[in-house]
Amino acid sequence: MIKLISFDLDDTLWDGQQAIIAAQQAMHDWIACYHPTVAENASSGRYLILRAEVASDHSSRDYDLTFIRKEVLRRLFAENAYSNSEAHAYSEKAFNVFFEKRNQVRYFDDALVTLKYLKSKYQIAALTNGNADMIATGLSPMIDYFYSAESVGAAKPDTKMFQALLSDAKIKPQECIHVGDHPQHDIFAAESLGIKTIWFNSKKKKWSEKFRPGREINKLVLLPQAIQTICGEK
Ligand SMILES: [Mg+2]
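Residues numbered from 1 in each chain as written. Predicted model: local features only at pLDDT ≥ 70, side-chain atom pairs only at ≥ 80, totals over all residues.

Colleague: Outline the overall build of the protein, listing residues and values.
Modeller: If you tally the helices and strands in the protein, you get 9 helices and 6 strands. Along the first, second and third principal axes, the C-alpha atoms of the protein reach 65 × 35 × 35 Å. In the protein, the share of contacts with a sequence separation of at least 24, taken over all contacts with a separation of at least 6, comes to 58%. (Helix = DSSP H or I, 4+ residues; strand = E, 2+ residues; numbered from the N terminus. Contact = placed C-beta atoms within 7 Å.)

Structure representation (structure tokens):
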């Protein structure tokens, strides 16, 4: 018997790529307006170099996208003749601009109505490698459990988020269905614990892994039917 449906967020409930691109642009516009020299250096590719340096210096925190982004910004300000405290303060401000926009997500068609329907029948969880905020995205009234790479200290396909969910919700793997767009992060990780899966394939990509998802849908409106089908399987 299925008791809980868990969802990936970026590119499953909303267009994650669009949200990140818009947020990066807003952040860059803010830096260009208030700190033009920093913006000039950032756009010359320095941002990407710093990102690689931060990733290498803090490889054990590679799952923590908020930390990485703030540290890149702090270094960017620091190397442009700002004091340590200024670099810290401006990196926080620039990140806040990014984060506000990052949470103005465009939900996919039928995402909210489908979630609302499923919420009336099942418990709902969200498991994300990203750093979207549940209140700012408006998702919090619709979910019972929320886990992020930041909150558990590991990104999918590590199974920590799934294990935390099963433990907190006091359910068995076979009482849960996970829905996500990523073959490894969502389908492989969940299936490895015995959680049934639905691959959300809105771009109609070809499946190229050796393992298989439980079901596949290309529109969220098809989700209740896919769940029903899984419930009917022995
Ligand atoms: Mg995703």
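Picking up where we left off.
Colleague: Lay out the domain arrangement of the protein in plain terms, naming residues and giving numbers.
Modeller: Domain boundaries in the protein define domain 1 (4–15 + 106–232) and domain 2 (17–102). Computed from C-alpha atoms alone, the centre-to-centre distance between domain 1 and domain 2 is 30 Å. With 12 residues of domain 1 at the interface, the matching set in domain 2 holds 8 residues. Each residue belonging to the side of domain 1 that touches domain 2 can be placed in one class, and the counts come to 5 nonpolar, 3 polar and 4 charged. (Domains from an automatic or database assignment. Nonpolar A, V, L, I, M, F, W, Y, C, P; charged D, E, K, R; others polar.)

Colleague: Can you break down the environment of Ala169 residue by residue, with the values?
Modeller: Among the structural elements, Ala169 can be located in helix α7 (residues 160–169). Separated by 25 residues in sequence, Ala169 and Asp144 place their C-alpha atoms 9.0 Å apart. In contact with Ala169, not counting residues within four places along its chain, are Leu4, Gln123 and Tyr145.

Colleague: Talk me through unusual backbone geometry; I want residue IDs and the actual numbers.
Modeller: Following Lys156, the chain continues to Pro157 via a peptide bond in cis, the omega torsion being 15°. For Ala81, which is not glycine, the phi dihedral falls at a positive 70°. Its place among the elements puts Ala81 in the loop between α3 (65–78) and α4 (84–102). A positive phi angle is found at Asp110, which is not glycine, with a value near 70°. Here Asp110 is to be found in the loop between α4 and α5 (111–119).

Colleague: For the sheet that holds strand β1 (residues 4–7), give the residues involved together with the corresponding values.
Modeller: Strand order across the open sheet formed by 6 strands is β3-β2-β1-β4-β5-β6, with parallel pairing between neighbours. Taken across any chain shown, the strands that pair with only one partner, and hence form the sheet edges, are β3 (145–148) and β6 (215–217). In this sheet, neighbouring strand axes are inclined to one another by 20° on average, regardless of whether the strands run parallel or antiparallel. Taken together, the 3 bridges between strand β5 (residues 196–200) and β6 define a ladder with parallel strand orientation. Following the sheet pairing, Ile198 is matched in β6 by Arg215. The strands touched by α7 within the sheet are β1, β2 (123–128), β3 and β4 (176–180), with β3 carrying the most contacts at an inclination of about 155°. (Pairing = 2+ DSSP bridges. Axes fitted to C-alpha atoms, helices over the stretch in contact; angles between N-to-C directions.)

Colleague: Can you explain the nonpolar core? Please cite residues and give values.
Modeller: Membership of the largest hydrophobic core comes to 50 residues, with the highest contact counts inside it found for Ile5, Phe7, Leu76, Leu127, Phe162, Leu165 and Val179. When residues of this core are assigned to their parent elements, the largest contribution, 5 residues, is made by helix α2 (residues 36–57). Counting contributing residues, this core receives three or more from each of domain 1 (4–15 + 106–232) and domain 2 (17–102). Excluding residues that lie within four positions of it along the chain, Val179 makes contacts with Ile5, Phe7, Asp8, Thr12, Ile198, Phe200 and Leu223. (Core = buried A, V, L, I, M, F, W, Y, C linked by C-beta atoms within 7 Å. Buried ≥ 20, exposed ≤ 12 C-beta atoms within 10 Å, placed from the backbone.)

Colleague: Tell me about α2, and please be specific about residues and values.
Modeller: In a regular helix each residue adds 1.5 Å, so 22 residues correspond to 32 Å; α2 covers only 27 Å between its end C-alpha atoms and thus falls short of that length. Of all the bends in α2, the greatest measures close to 75° and is centred on Ser43. Within α2, burial applies to Val38, Ala39, Ala42, Leu50 and Val54. (Expected span 1.5 Å × (residues − 1). Bend = angle between axes of the 7 residues up to and from the residue.)

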